[in-house]
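Listed below, chain by chain, are the residues.
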Amino acid sequence: MFEKILIANRGEIACRVAQTCRRLGVRTVAVYSEADAQARHVQLCDEAWLVGPAPARESYLDAERILEVARRSGAEAIHPGYGFLSENPTFAHACEAAGITFIGPPAAAIDAMGSKSAAKALMAEAGVPLVPGYHGDNQDPEHLAEAAAEIGYPVLIKASAGGGGKGMRRVDRPEDFATELAAAKRESAASFGDEQVLVEKYLLQPRHIEVQVFADTAGNAVHLFERDCSVQRRHQKVVEEAPAPGMGEQRRREMGAAAVRAARAIGYVGAGTVEFIVHQDGSFYFMEMNTRLQVEHPVTEMITGEDLVEWQLRVAAGESLPRGQDQLAIHGHAFEARIYAEDPANDFLPATGLIHHLRTPEENPRVRIDTGVREGDEVSIHYDPMIAKLIVWDGDRPGALRRLRRALADYQVVGPTTNITFLQALTAHPAFSAAELDTAFIDRHHEALFPEPQAASDRVLALACLAEFLRIDAEAARRAAASADPYSPWHATSGWVLNDDNHHTLHFRDGDRDISVTAHYREGHYLLELPGGEIRARGQLDGNGDMRVDLGGVRLTATVVRDGATLTIICDGLTHELVCHDPLTVGMEDEVREGSLTAPMPGTVVSVLVTAGDQVSEGQALMVLEAMKMEYTIKAPADGVVEHIAFSAGEQVSEGAELLAIAANE
Ligand code: ADP
């Protein structure tokens with residue numbers, strides 16, 4: 001085993017690797033960018049070296065600099081995590097040349113799978129079933145369009161070098177092929193510096209099932225069963241589970257054997273994942289092999305009781321696989337939910353911002369949280385917006401699902417918009433309980449998963465009022481304590497004694513509604529006039545910032561977080577936002593110019609598709625933005641005339657910047 005390794009990554013995966021190293025007594029060297037100086041992974045490792053400024057290509061992707069740190073710090077090996085340098089054969093080579101062990105497969109194996117096109121050719125040879133498609137070298141758009149016609153629509157265009165859903169476009173009609181091809185190539189060039197694509201049949205309602213494989217240098221190879229990752233948004237996984245529901249023993253053996261065959265065909269060593277796309281009838285086709293640890297590896301760890309990072313370290317150090325195939329078995333069921341800073345209601349656009357408040361469910365052997373962030377950290381535009389992975393285990397799927405729902409209800413993040421409420425809706429959906437899984441799950445259940453925002457309930461309003469009163473009281477008490485005359489009536493904490501009839505009205509903005517609640521101060525409690533009637537309410541803060549309340553005799557615990565004028569009320573797993581405003585300023589700050597179109601997030605303008613004066617129709621593409629390596633098309637909200645264009649191609653835009661303005665037709 002190694003004495004010391006370098007972890008060439010950040011965030012939750014760097015923390016995850018560091019934890020296993022600590023358990024094994026292996027010392028760790030972290031690397032970090034200027035933006036990550038205070039990051040959790042930096043604190044968890046034994047030492048940490050600065051490798052460059054915030055942008056990944058100048059820090060976490062700077063292979064030379066990272067190798068130099070490895071040499072200078074005396075690390076014997078480098079764990080690349082996932083993403084960044086993990087699937088870069090040049091880097092794997094460079095490590096080898098520098099006499100440092102790359103904790104991953106041989107460069108040749110990464111190379112073999114690096115191109116989806118080349119990988120498919122190899123897999124065909126090894127007798128692994130493939131989706132019908134064209135994965136050859138002829139990249140002439142007309143030739144590709146012909147191939148698409150032959151395959152039959154719908155087709156999927158994929159970047160050969162792709163990953164993370166980038167450079168992937170579904171095309172339903174031949175007339176859209178050329179535009180989508182161009183977009184896929186642009187995305188691919190921007191993300192991977194390579195334009196090659198492949199075209200394949202787009203399977204309707206397939207499942208994504210992948211098999212974890214492991215091989216050692218002595219020629220042993222095993223699989224650690226499958227994971228079902230069918231529930232996806234933007235072709236990206238959001239909830240994963242193991243084992244795959246409905247998987248029979250026979251099929252499991254077949255897929256496991258095909259995956260091991262795939263690994264053997266390329267002389268694989270270490271942890272890898274063979275991804276299959278699976279028809280509802282159970283037939284399965286090779287999609288790609290990821291030559292690294294996967295984000296969702298924890299569900300496999302939960303059902304097998306193995307530590308896959310430990311396996312990686314042992315194999316890289318030249319040891320044999322810790323277990324043979326017949327020593328591996330599935331126990332129970334595990335789920336992973338990815339908690340992202342993103343806005344589900346806005347096509348899951350990544351979100352950024354400071355994590356103002358963070359509370360996580362209690363961890364135990366059945367509830368695990370893999371994360372790289374803490375309260376006060378910033379989710380920045382530079383890196384992946386994943387906040388945490390929530391992993392749960394139980395003896396069977398219904399038990400694990402119940403645990404997952406509970407843990408999600410206990411997960412509180414205030415600051416950037418997150419997908420937690422969405423994950424709650426998803427995991428509470430009857431079709432999810434019934435394991436009716438496929439990659440179109442989210443689209444199919446759109447209505448249930450994206451409910452119209454509800455008006456604040458009386459309970460929410462009562463909690464908001466109590467929180468405000470307690471805050472005002474605490475502030476008055478603080479001032480009294482600091483004052484020369486602690487008995488001055490100006491510091492009174494028992495209601496509004498200067499107010500004739502002891503009442504006070506609070507004004508809230510709830511979405512686009514205004515609500516006022518009048519509270520009468522009574523001895524020991526408040527009488528609140530809520531839309532649904534009057535209620536007696538009282539509460540107190542406990543030491544953790546939680547509020548214990550009594551609402552009309554019902555006792556509850558709630559959390560209310562104030563950020564500026566915004567109150568986030570969290571109670572019983574439900575989160576609601578209210579703005580507590582001063583009626584005099586209403587309408588001033590949020591007067592938005594009609595028809596203006598703003599940047600949903602910081603990014604770069606890729607192309608402007610219209611000119612000022614153009615007549616446009618609703619839904620027409622106006623501008624293409626690139627942010628976090630993905631392209632977003634800004635579309636006309638209504639028929640109208642383009643009045644003004646604020647940016648041209650190549651320019652940077654900040655979040656909320658007005659991109660163009662449209663005068664709607666009368
Ligand atoms: P990436 O490497 O960019 O993540 P993958 O090839 O792994 O791309 O595919 C990601 C997802 O896209 C799959 O999990 C699946 O949901 C969908 N997908 C891929 N290929 C097909 C296909 N031929 N038909 C339908 N969906 C597909």
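The written sequence of each chain sets the order in which its residues are numbered from 1. In keeping with the predicted nature of the model, local features appear solely for residues at pLDDT of at least 70, side-chain atom pairs appear and are counted solely at 80 or more, and the whole-chain, interface and lining totals rest on all residues. Excluded from the side-chain calculation are hydrogens and water; included are all heavy atoms of the structure.

1. Notes on the side chain of Asp-216
Which entries qualify depends on this criterion: Labels follow the DSSP assignment, with helices taken as runs of H or I lasting at least four residues and strands as runs of E lasting at least two, numbered in each case from the N terminus. Think of it in three bands: residues with accessible area under 20% of the maximum for their type are buried, residues over 50% are exposed, and the middle band is partly exposed, with areas taken using a 1.4 Å probe on protein chains only. In this tally, Asp and Glu contribute negative charge and Lys and Arg positive charge; neither His nor the terminal groups of the chain are included. Each reported salt bridge corresponds to a side-chain nitrogen of Lys or Arg within 4 Å of a carboxyl oxygen of Asp or Glu. Whenever two N or O atoms come within 3.5 Å, that pair is a polar contact, provided that in protein one can donate a hydrogen and the other can accept it, and provided that, for residues adjacent in sequence, both atoms are side-chain atoms. Two residues qualify as a contact provided that any one of their heavy atoms is within 4.5 Å of a heavy atom in the partner residue.
Tracing the backbone through its elements, the reader meets Asp-216 in the loop between β10 (207-215) and β11 (221-233). Arg-264 provides the closest opposite charge to the buried, unpaired Asp-216, separated from it by 7.5 Å. Separated by 2.7 Å, the side chains of Asp-216 and Asn-220 make a polar contact. Among the polar contacts listed, one links the side chain of Asp-216 to the backbone nitrogen of Leu-321, at a separation of 2.9 Å. Discounting chain neighbours no more than four positions away, the residues touching Asp-216 are Val-269, Val-315, Glu-319, Ser-320 and Leu-321.

2. Focus: the packing of helix α5 (residues 107-114) against helix α6 (residues 116-125)
Helix packing geometry: the angle between the two helix axes and the distance between the axes. Operational definition: With axes taken as lines fitted to C-alpha atoms, and helix axes fitted only over the stretch in contact, angles between N-to-C directions fall between 0 and 180 degrees. Any angle that falls under 35 degrees is termed roughly parallel, while one over 145 is termed roughly antiparallel, one within 65 to 115 roughly perpendicular, and all others oblique. Gly is placed with the polar residues, together with every amino acid not listed as nonpolar (Ala, Val, Leu, Ile, Met, Phe, Trp, Tyr, Cys and Pro) or charged (Asp, Glu, Lys and Arg).
One can describe the packing of α5 onto α6 by two numbers: an axis separation of 5 Å at closest approach and a directional angle of 100°. With respect to α6, the axis of α5 lies roughly perpendicular. For the pair α5 and α6, the contacting residues are Ala-112, Met-113 and Gly-114 in the first and Lys-116, Ala-118, Ala-119, Leu-122 and Met-123 in the second. Of the residues belonging to the contact of α5 with α6, the class tally is six nonpolar, one polar and one charged.

3. A few points about the site of the ligand
As a reminder, the rule being used: We define proximity as follows: a residue is near a molecule or strand when any one of its heavy atoms falls within 4 Å of that partner.
Residues in close proximity to the ligand total 21 residues, the closest being Lys-116, Gly-165, His-208, Gln-232 and Glu-288. Within the contact set of the ligand, an oxygen atom lies 2.5 Å away from a side-chain nitrogen or oxygen of Lys-116. In this structure, Gly-165 approaches the ligand through a main-chain N or O atom, which is 2.6 Å from an oxygen atom. Going through the elements one at a time, β7 (155-159), β9 (197-201), β13 (270-278) and β14 (284-290) are the ones with two or more residues in the shell around the ligand.

4. Brief notes about the sheet that holds strand β28 (residues 546-551)
Definition in use: We call two strands paired when DSSP finds no fewer than two bridges between them.
Pairing within the closed barrel is antiparallel, and its eight strands lie in the order β24-β25-β26-β27-β28-β29-β30-β31. Strand-to-strand twist of the sheet, defined as the mean angle between neighbouring strand axes without regard to direction, takes the value 35°. Direction of pairing for strand β24 (residues 503-510) relative to strand β31 (residues 574-580): antiparallel, over a ladder of two bridges. Paired with Phe-508 across the bridge in β31 is Cys-580. Packed onto the sheet, helix α17 (residues 458-482) meets β24, β25 (513-522), β26 (525-530), β27 (533-541), β28, β29 (554-563), β30 (566-571) and β31 and runs at close to 120° relative to β28.

5. Some thoughts on the packing of helix α4 (residues 89-97) against α5
Direction vectors running N to C along α4 and α5 enclose 175°, while the axes themselves pass 8 Å from each other. When the axis of α4 is compared with that of α5, the two are roughly antiparallel. Between α4 and α5, the contacting residues are Pro-89, Ala-92 and His-93 on the first element and Ala-107, Ile-110 and Asp-111 on the second. Of the residues that constitute the contact of α4 with α5, the class distribution is four nonpolar, one polar and one charged.

6. Concerning the sheet that holds β7
What holds strands together in a sheet is hydrogen bonding between their backbones, with the strands either parallel or antiparallel. Across the sheet, which stays open at both edges, the four strands sit in the order β6-β9-β7-β8 with antiparallel pairing between neighbours. Strands at the two margins of the open sheet, each flanked by one partner only, are β6 (133-134) and β8 (168-171). One ladder, built from four bridges, connects β7 with β8; its direction is antiparallel. The residue of β8 that forms the bridge with Val-155 is Val-171. Contacts from helix α7 (residues 141-151) reach β6, β7 and β9 within the one sheet, and its direction differs from that of β9 by about 15°.

7. Quick notes on the domain arrangement of the protein chain
Note on interface size: it is often stated as the accessible area lost on association of the parts. Selection rule: An automatic or database domain assignment supplies the residue ranges for each domain. When two components associate, each loses some accessible surface as probed by a 1.4 Å sphere; the sum of these losses over both components is called the buried area.
Considered domain by domain, the protein chain is made up of domain 1 (4-103), domain 2 (132-201), domain 3 (207-449), domain 4 (458-585) and domain 5 (596-664). A separation of 27 Å is found between the C-alpha centroids of domain 2 and domain 3. The partner domain 3 presents four residues to the six residues of domain 2 that form the contact. Among the residues domain 2 hides against domain 3, the three largest losses belong to Lys-158, Gly-164 and Met-168. Together they make up 55% of the total.

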